[in-house]
Amino acid sequence: MSLGQYALDLISKFGYLGLAFGLVVDSAGVPIPSEVLLPISGVLVRQGHFNFVVVLLVATLAQTAGAILAYLIGAKGGVQLVKRYGKYVLFNERELATTQKAFQKYGSWLTLVGRCLPVIRTYIGYPAGIAEMPLGAFVVYSLVGSLGWSAILTGVGYALGGHLDTFDSILHRFSLIIVGLLVLLVVWYVVRHLKKPKKI
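Residues numbered from 1 in each chain as written. Predicted model: local features only at pLDDT ≥ 70, side-chain atom pairs only at ≥ 80, totals over all residues. Heavy atoms only, no water.

### What about the environment of leucine 110?
Mapping leucine 110 onto the fold places it in helix α4 (residues 93–114). When the C-alpha atoms of leucine 110 and tyrosine 141 are compared, they prove to be 9.2 Å apart, with 31 residues separating the residues in sequence. Leucine 110 has contacts with Ala102, Phe103 and Ile124, leaving out every residue within four places of it along the chain. (Helix = DSSP H or I, 4+ residues; strand = E, 2+ residues; numbered from the N terminus. Contact = heavy atoms within 4.5 Å.)

### Observations concerning helix α7 (residues 135–160)
Look at α7: 37 Å from first C-alpha to last across 26 residues, which is about the 38 Å you get at 1.5 Å a residue. Following α7 by one or two positions, glycine 161 adopts a phi angle in the positive range, close to 60°. (Expected span 1.5 Å × (residues − 1).)

### Some thoughts on the packing of aromatic side chains
Aromatic ring pairs are reported here in terms of the distance separating the ring centres and the angle at which the planes meet. Scanning the model with the defined rule gives two aromatic pairs in all. Arranged with centres 4.3 Å apart and planes meeting at 15°, the rings of tyrosine 16 and phenylalanine 50 form a pair that is stacked. Separated by 34 residues along the polypeptide, tyrosine 16 in helix α1 (residues 3–27) and phenylalanine 50 in the loop between α2 (34–46) and α3 (52–85) bring together distant segments of the chain. Taking NZ or CZ as reference, arginine 46 lies 5.7 Å from the ring centre of tyrosine 158, over its face. (Phe/Tyr/Trp six-rings, centres within 6.5 Å; stacked < 30°, edge-to-face > 60°. Lys NZ or Arg CZ within 6 Å of the ring centre and 35° of its normal.)

From the geometry alone we can't say anything about function, so treat these as descriptive.
Listed below in structure tokens is the structure:
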């Protein structure tokens, strides 16, 4: 089953509740991409099944709720997990400290921009929580970023209208590109760490 068809089935069966569920778990790190759910919702808005304002409200709140869940997981256990198991994924305490400093200094902008970027937006809550970024600021910037992201993708779906097959094909290619970029990033990260000289 394609991503587009899965999203359409989820929303068709459960309506706004299905949209909300998909976006909450997506923002908490489970791969049910908003890049599929929101444009499909836009198509349904154009067909008269959904209301644009309600879609934006549901999508913004659901994505922010998922991001808060990821933040809390990172804040409660992230540091200890990194210290205990980080070496197994080539993420050491020095890199943890770098991440914490980055969020302490640029946390608001990292959250706002991160919430508007594919893939990154799904996981931005974890490092924000680990870095102990103020929760209030994280929530505000997550709301703003999620609103912008939702408006753009829902608008794209509305503009495409009934061209669902074409849209699904584009999404499939887009997903392959994202996966390919992630694989390249992981390979680069591993190679960079393996090349580091060991301390005597």
